[in-house]
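# Coordinate inspection notes
What follows is each chain in one-letter form.
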Amino acid sequence: MPVLDLLVDARISPVAFALPLAPNTGWKPTTIVFPLDIQLGGLLDQDLFFHKPLPVRLYKSDGSYVGECSLLHQFGYGSDAAEALDDLGKTLSEMYFYLSDSKYADRLSESLSEQYDVLCGFIGRRNVAAPKAS
Amino acid sequence: MKVHEFTKLENKLKLKTRNSGDRLAWFEHDGKSVLFTKRSHGNKEPPENLIRQQLKVNETQFAGLISCSVTRDQYIEILRGKKIITSTDSGQL
């Protein structure tokens, strides 16, 4: 698995919060200050991968957490930061599949076609290997 | 924004989705997808300002879309004015 697929800032991971304080490791809990600019590199559909990490801003808005990608004009939201990022990942995956299908069918406006080109700079589709004949 | 307000927008603008559980809905004009917006899901209210930005309208126009004073045809004119719908997209020369 590419390293980038695992690259989500650990400071916002619920796993990081659950880690016990290990003695003599020098590790100290980090206070998260929002808004927080991160590089998102995971949480996509399993058939997709990141070419490079995507800049995302995490912040609180009206009691919800929002992960916003201004480059792609998309966002995810939820009751915590992890949920917002998970929602954003699913949104980006859905966007990729829809835009790529529509692009080939020539059903995209100029503006969405440009947005698809930006998206392809960050996200690609894995080559799915055909099942081996027995 | 409230979930019922978003549902109103979806119906008025005839936003399309492929599946009922989709996170995105898109606006189509003359057979072409023009823009995406995020659908509400669960009981959480989607951030109004971000939905408005995705629909490419200002606060007054957005309020009009929700309150019924801006129609779908007027919305198309707004998008034309912002060059989001172009003559190429509409198949016109």
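Anything mentioned here points back to the structure above.
Residues numbered from 1 in each chain as written. Chains lettered and ligands numbered in written order. Predicted model: local features only at pLDDT ≥ 70, side-chain atom pairs only at ≥ 80, totals over all residues. Heavy atoms only, no water.

### Some words on the interface of chain B and chain A
Going by this rule: Note on contacts: a residue pair qualifies if any of its non-hydrogen atoms lie within 4.5 Å across the two residues. The buried area of a pairing is the accessible area, by a 1.4 Å probe, that goes missing from both parts when the two are put together, added over both. By salt bridge we mean one thing: a side-chain nitrogen of Lys or Arg within 4 Å of a carboxyl oxygen of Asp or Glu.
Counting from both sides, the interface comprises 28 residues of chain B and, opposite them, 28 residues of chain A. A combined buried area of about 2,400 Å² lies between chain B and chain A, and 53% of that area is made up of carbon and sulfur atoms. Taken together, the connections running from chain B to chain A amount to four salt bridges. A:D106 serves as the salt-bridge partner of B:K32, at 3.7 Å between the closest nitrogen and oxygen.

### A word on the environment of A:S113
Residues and elements named next belong to chain A. To be explicit about the condition: To qualify as a helix, a DSSP run of H or I must reach at least 4 residues; to qualify as a strand, a run of E must reach at least 2; elements of each kind are numbered from the N terminus.
With respect to the element layout, S113 can be found in helix α3 (residues 110–120). It is 34 Å that separates the C-alpha atoms of S113 and G63, two residues lying 50 residues apart in sequence. Residues in contact with S113, not counting those within four places in the same chain, are K103 and L108.

### A short note on the packing of helix α2 (residues 81–104) of chain A against α3(A)
For any two helices packed against each other, the geometry comes down to the angle between their axes and how far apart the axes lie. All names here are of chain A. Heads up, the condition is: Helix axes are fitted only over the stretch in contact, all axes being lines through C-alpha atoms; the angle between N-to-C directions runs from 0 to 180 degrees. Note on terminology: angles under 35 degrees are roughly parallel, angles over 145 are roughly antiparallel, angles of 65 to 115 are roughly perpendicular, and the others are oblique. Crossings are assigned a handedness: left-handed for a near helix turned anticlockwise from the far helix by less than a right angle, right-handed for a clockwise turn. Any residue outside Ala, Val, Leu, Ile, Met, Phe, Trp, Tyr, Cys, Pro, Asp, Glu, Lys and Arg is labelled polar, Gly included; the first ten of those are nonpolar and the last four are charged.
Relative to each other, α2 and α3 sit at 125°, their axes nearing to 10 Å. As far as their axial angle goes, α3 and α2 are oblique. Where α2 crosses over α3, the two elements pack in a sense that is left-handed. From α2, L92, M95, Y96, L99, S100 and K103 reach across to α3, where they touch L112, S113, Q115, Y116, D117, L119 and C120. A class-by-class count of the residues in the contact of α2 with α3 yields eight nonpolar, three polar and two charged.

### Section: the packing of aromatic side chains
Residue and element names in this part refer to chain A. Quick note on the threshold: Between rings of Phe, Tyr and Trp, where Trp is taken as its six-membered ring, a pair exists when centres lie within 6.5 Å; planes separated by under 30 degrees are stacked, by over 60 edge-to-face, and by other angles tilted. Type-normalised accessible area, obtained with a 1.4 Å probe on protein chains alone, sets the label of each residue: buried when under 20%, exposed when over 50%, and partly exposed for intermediate values.
Counting across every chain of the model gives eight aromatic pairs over all chains. Ring geometry for Y96 and Y116: centres 6.2 Å apart, planes at 45°, overall tilted. Of this pair, Y96 sits in helix α2 while Y116 sits in helix α3, and the two are 20 residues apart along the sequence. A relative accessible area of 8% places Y116 in the buried class.

### Points about unusual backbone geometry
Trans peptide bonds make up most of the peptide bonds, and negative phi angles are found at most residues other than glycine. Along the chain, A:F34 connects to A:P35 via a cis peptide bond; the corresponding omega equals 5°. Summarising the element assignment, A:P35 is placed in the loop between α1 (14–18) and β1 (36–40). The backbone of A:L43 shows a phi angle near 70°, a positive value even though the residue is not glycine. Take A:L43: it is sitting in the loop between β1 and β2 (48–50). Relative accessible area serves as the criterion here: at 37%, A:L43 is assigned to the partly exposed category. Not every positive phi belongs to a glycine, and B:K83 is a case in point at roughly 65°. Looking at the element boundaries, B:K83 is found in the segment after α4 (72–81).

### A word on the nonpolar core
For clarity, the cut-off: Side-chain atoms within 4.5 Å are what join buried Ala, Val, Leu, Ile, Met, Phe, Trp, Tyr and Cys residues into a set we call a nonpolar core.
Residues A:L54, A:V56, A:L92, A:L99, A:L119, A:I123 and B:F36 are the most contacted members of the largest nonpolar core, which totals 30 residues. For this core, the secondary-structure elements that each account for two or more residues are β1, β2, β3 (54–61), β4 (64–69), α2 and α3 of chain A together with β1 (24–29) of chain B. Among all residues touching A:L54, those that are not within four sequence positions of it are A:I38, A:Q39, A:L40, A:C69, A:L72, A:L92 and A:F122. Of all hydrophobic cores here, the second largest spans 27 residues; its members include B:F6, B:V70, B:I76 and B:I84.

### Notes on the environment of B:E28
By secondary structure assignment, the location of B:E28 is in strand β1. Residue B:E28 is classed as buried on the basis of its relative accessible area of 19%. Sequence separation between B:E28 and B:K16 is 12 residues, and the spatial gap between their C-alpha atoms is 7.4 Å. Apart from the residues lying within four places of it in its own chain, the contact partners of B:E28 are A:Y98, B:K16, B:S33 and B:R72.

### A word on the pattern of salt bridges
Per the stated rule, a full pass over the model turns up 10 salt bridges over all chains. B:K2 is the salt-bridge partner of B:E45, the closest N and O atoms lying 3.4 Å from each other. Pair noted here: B:E45 is in the loop between β2 (32–38) and α2 (48–54) and B:K2 is in the segment before α1 (3–13), with a separation of 43 residues, a long-range link. B:E28 is paired through a salt bridge with B:K16; the nearest N and O atoms lie 3.1 Å apart. Of this pair, B:E28 sits in strand β1 while B:K16 sits in the loop between α1 and β1; the two residues are 12 residues apart in sequence, bridging distant segments of the chain. Several salt bridges share partner residues, and in doing so they unite A:D87, B:R23 and B:K38 into one network.

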